[in-house]
Amino acid sequence: MTGGAHEHDDESLAELGYKPELKRTLGNFHTFAAGISYISILTGTFQLFYFGVSQGGPAYWWSWPMVFVGQLMVALCFCELAARYPVAGSIYNWAKQLGGPHVGWLGGWMMLTASMVSLSAVALAYQVTLPQISSWFQFIGDGTGQTDAAANAVLLGTVLVAFTTLVNAFGVKLMARINSAGVAIELIAAIVLIILLAAHVTRGPDALTETFGLGAGQDLGYLGAFLTASLASAYVMYGFDTASSLGEESKDPGRNAPRAILRALVASFAIGGLILLFALLAVPDLHAKELSVDGLQYVVLSTLGSTVGQIVLWCVVVAITVCELAVHTASIRLAYAMARDNNLPAAARLAKVSPRFQTPVLPAVIIGLVAVAILLINVNQPQIFSVITSIAIIMIYLAYLLVTLPMLVQRLRGRWRPVEGRFSLGRFGLPVNVLAVLWGCGMSLNLAWPRAAVYNATGPQHWYLRWGAFLFIGVVALGGFAYYWFVQRKRTGVLATHAAGATDSTTPNP
């Protein structure tokens with residue numbers, strides 16, 4: 001990339017009040033890989049397939065295209081924003097530009113909190129897969145004890161978080177190489193898996209209408225069961241904004257980030273949808289109890305045999321690893337962006353970019369430590385952890401809503417103008433934005449609805465678990481915003497060492 005192109009990217013950053021500090025080394029595939037690894041089809045589908053089938057039967061598959069259409073509306077809005085504001089911590093900065101500093105801080109706070117919990121949640125996926133490959137990975141107990149699985153999940157998860165912390169601390173180039181290699185393996189494995197499952201199809205597509213009678217006795221009939229099952233799809237198809245959060249480290253991000261966002265979402269929808277489809281059509285027994293317990297792992301092992309099945313499961317482990325890496329990377333960029341605006345405690349230290357590694361090292365370490373702490377606190381409380389994990393996803397949907405809603409207000413006031421010559425929705429901008437807001441409100445409510453199946457699935461029923469989404473989010477949002485309003489708001493503003501025009505040794509060369 002030419003020095004002139006670098007200067008153009010840096011001028012866009014200067015318009016937002018920041019000087020360039022992060023080195024631009026990421027190309028098209030790197031940004032695409034960042035988005036698709038956060039979504040991580042193999043991670044999400046293998047982790048949540050059992051839930052979808054157990055709550056909605058095989059007909060839950062239709063929630064996959066439903067969620068895709070809704071998230072596509074959000075992604076299209078994000079594409080316009082990525083073209084105009086190619087900046088680190090995209091959700092925070094977009095919310096700030098569209099809704100003002102208060103909305104921006106709340107959006108960033110919600111996203112940062114949710115990202116750290118998500119980092120812990122993704123790390124738990126190792127426990128779902130590694131012990132099925134070999135009992136050797138069950139380090140604590142033999143897996144039959146009441147707390148064996150939970151304790152072992154914390155151990156495996158801690159190792160994974162430590163790995164992503166080290167990789168992110170050593171710079172974006174190392175992260176991008178590992179992430180891109182992992183994504184290539186994941187994509188190849190996913191396509192091979194689709195072909196293998198398709199070759200073992202034993203039933204027709206009418207299986208996708210099978211509900212197992214799960215709507216019986218519900219107020220909304222099968223619609224209620226379907227909405228619950230749709231959480232399995234909603235939990236997977238997000239995080240595509242990561243492609244734009246690396247905007248200050250990408251080449252020509254104003255053009256490449258929107259493409260990366262759409263490619264990541266569309267590829268994830270197509271590949272994930274086909275995996276789920278052929279899994280349901282190929283599994284030997286559609287009514288097998290294991291289908292609602294072990295999920296896709298059972299389908300792969302029972303359909304393809306142990307040897308091929310274990311190879312696929314190893315690829316799932318790779319997918320989990322790069323997914324964790326992408327979640328950690330996005331969290332670091334968000335913390336850096338907020339700290340640069342003096343919107344976090346110890347902001348000057350958090351926003352410091354290592355001259356050697358050209359990356360914010362301290363946020364990588366702190367976010368990793370917080371994720372491990374969340375794991376340790378909940379080591380023997382898997383039910384409470386599942387509540388908090390579900391809530392983290394809701395907070396991400398709400399953070400997205402804190403972008404799309406102010407954007408809609410700006411459109412209605414005639415203040416929103418896409419960048420000329422770059423991604424634009426044109427006359428479709430308003431209807432797409434309206435649909436994105438409606439989708440965000442509807443799915444947030446669906447995710448938060450006090451269902452026993454989600455928030456109190458086992459053990460004695462507790463009202464505070466059932467209403468955990470409203471309680472936890474209320475505490476995080478109100479408590480965090482109170483801190484901002486009474487303490488941080490008085491200090492907010494771009495730190496002098498990070499402001500456009502400032503010079504020091506951390507500024508990278510073109």
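Conventions we followed
- Residues numbered from 1 in each chain as written.
- Predicted model: local features only at pLDDT ≥ 70, side-chain atom pairs only at ≥ 80, totals over all residues.
- Heavy atoms only, no water.
- Helix = DSSP H or I, 4+ residues; strand = E, 2+ residues; numbered from the N terminus.
- Buried < 20%, exposed > 50% of the residue type's maximum accessible area, 1.4 Å probe, protein only.
- Disulfide = S-S within 2.5 Å.
- pLDDT = per-residue confidence, 0-100.
- Contact = heavy atoms within 4.5 Å.
- Axes fitted to C-alpha atoms, helices over the stretch in contact; angles between N-to-C directions.
- Parallel < 35°, antiparallel > 145°, perpendicular 65-115°, else oblique.
- Nonpolar A, V, L, I, M, F, W, Y, C, P; charged D, E, K, R; others polar.
- Expected span 1.5 Å × (residues − 1).
- Salt bridge = Lys/Arg side-chain N within 4 Å of Asp/Glu carboxyl O.
- Patch = residues over 30% accessible without salt bridge, like charges linked within 9 Å, V, L, I, M, F, W, Y side chains within 5 Å.
- Areas by Shrake-Rupley, 256 points an atom, 1.4 Å probe, with all protein chains shown as cover.
- Lys, Arg positive; Asp, Glu negative; His and termini not counted.
- Charge placed at Lys NZ, Arg CZ, Asp CG, Glu CD.
- Phe/Tyr/Trp six-rings, centres within 6.5 Å; stacked < 30°, edge-to-face > 60°.
- Lys NZ or Arg CZ within 6 Å of the ring centre and 35° of its normal.

Quick look at unusual backbone geometry now. In the Ramachandran plot, Ser40 falls in the positive-phi region, its phi being about 45 degrees despite a non-glycine side chain. By the secondary structure assignment, Ser40 is in the loop between α2 (28–39) and α3 (41–56). Phi is positive for Asp252, close to 50 degrees, though the residue is something other than glycine. Inspection of the secondary structure assignment puts Asp252 in the loop between α12 (242–245) and α13 (253–282). On the accessibility criterion, Asp252 (22% relative accessible area) is partly exposed.

With that settled, the discussion passes to the state of the cysteines. A disulfide bridge is the covalent bond that connects two cysteines by way of their sulfur atoms. Applying the stated rule across the entire model yields zero disulfides. Cys79 takes part in no disulfide bond, and the closest cysteine sulfur, belonging to Cys77, lies 9.1 Å away. The exposure class assigned to Cys79 is buried, which follows from its relative accessible area of 0%.

Another point: the confidence of the model for the chain. Per-residue pLDDT for the chain averages 88, and the proportion of residues at 70 or more is 95%. In the predicted structure, residues 1–5 sits below a pLDDT of 50 and forms four contacts with residues beyond four places in sequence or in another chain. Throughout residues 505–510 the model reports pLDDT below 50, and contacts reaching past four residues in sequence, or to other chains, amount to 13 contacts.

Turning next to the packing of α3 against helix α14 (residues 296–304). α14 packs onto α3 with a crossing angle of 100 degrees between their chain directions and a minimal axis gap of 7 Å. One finds that α3 runs roughly perpendicular with respect to α14. Between α3 and α14, the residues in contact are Thr45, Phe46 and Phe49 and Leu296, Gln297, Val299 and Val300, respectively. Grouping the constituent residues of the contact of α3 with α14 by class yields five nonpolar, two polar and no charged.

Here we come to the environment of Glu324. Looking at the secondary structure, you find Glu324 in helix α15 (residues 306–340). Among the residues examined, Glu324 registers a relative accessible area of 0% and is labelled buried. Sequence separation of Glu324 and Ser118 is 206 residues, and the distance between their C-alpha atoms is 8.8 Å. Sequence-distant contacts of Glu324, defined by excluding residues within four places in its chain, comprise Leu119, Val122, Ala123, Leu160, Val161 and Thr164.

A rise of 1.5 Å per residue sets the reference length of helix α8 (residues 148–169), with its 22 residues, at 32 Å; its end C-alpha atoms lie 32 Å apart and thus fit the reference within 8%. Following α8 by one or two positions, Gly171 has its phi on the positive side, about 115 degrees.

For side chains of opposite charge, pairing can occur when their charged atoms come near one another. As enumerated under the stated definition, the model contains five salt bridges in all. Of the charged contacts, one joins Arg255 and Asp252 as a salt bridge, the two residues approaching to 3.9 Å between their closest N and O atoms.

A surface patch of like charges, here positive, comprises Lys23, Lys173, Arg177 and Lys251. On the accessibility criterion, Arg177 (56% relative accessible area) is exposed.

Another aspect to go through is the packing of aromatic side chains. Any pair of aromatic rings gets described here by the distance separating the centres and the angle formed by the planes. Summed over the entire model, instances satisfying the criterion amount to 21 aromatic pairs. Consider the rings of Phe78 and Phe240, whose centres lie 6.0 Å apart with planes at 50 degrees: the pair is tilted. With Phe78 in helix α4 (residues 63–84) and Phe240 in the loop between α11 (231–234) and α12, this pair connects stretches of sequence that are 162 residues apart. Across this residue pair, the class does not change: Phe78 and Phe240 are buried. Pairing Phe240 with Tyr400 gives two aromatic rings, centres 5.7 Å apart and planes at 45 degrees, and the pair type is tilted. Highlighted residues: Phe240 in the loop between α11 and α12 and Tyr400 in helix α18 (residues 382–412), separated in sequence by 160 residues. With a relative accessible area of 3%, Tyr400 lands in the buried category. Among the aromatic residues, those joined into a ring-pair cluster are Trp105, Trp109, Phe481, Tyr484 and Trp485. Above the face of the Tyr18 ring, Arg340 is positioned so that its terminal group lies 3.7 Å from the ring centre. If you follow Arg489 out to its NZ or CZ, it ends over the ring of Trp485, 3.9 Å from the centre.

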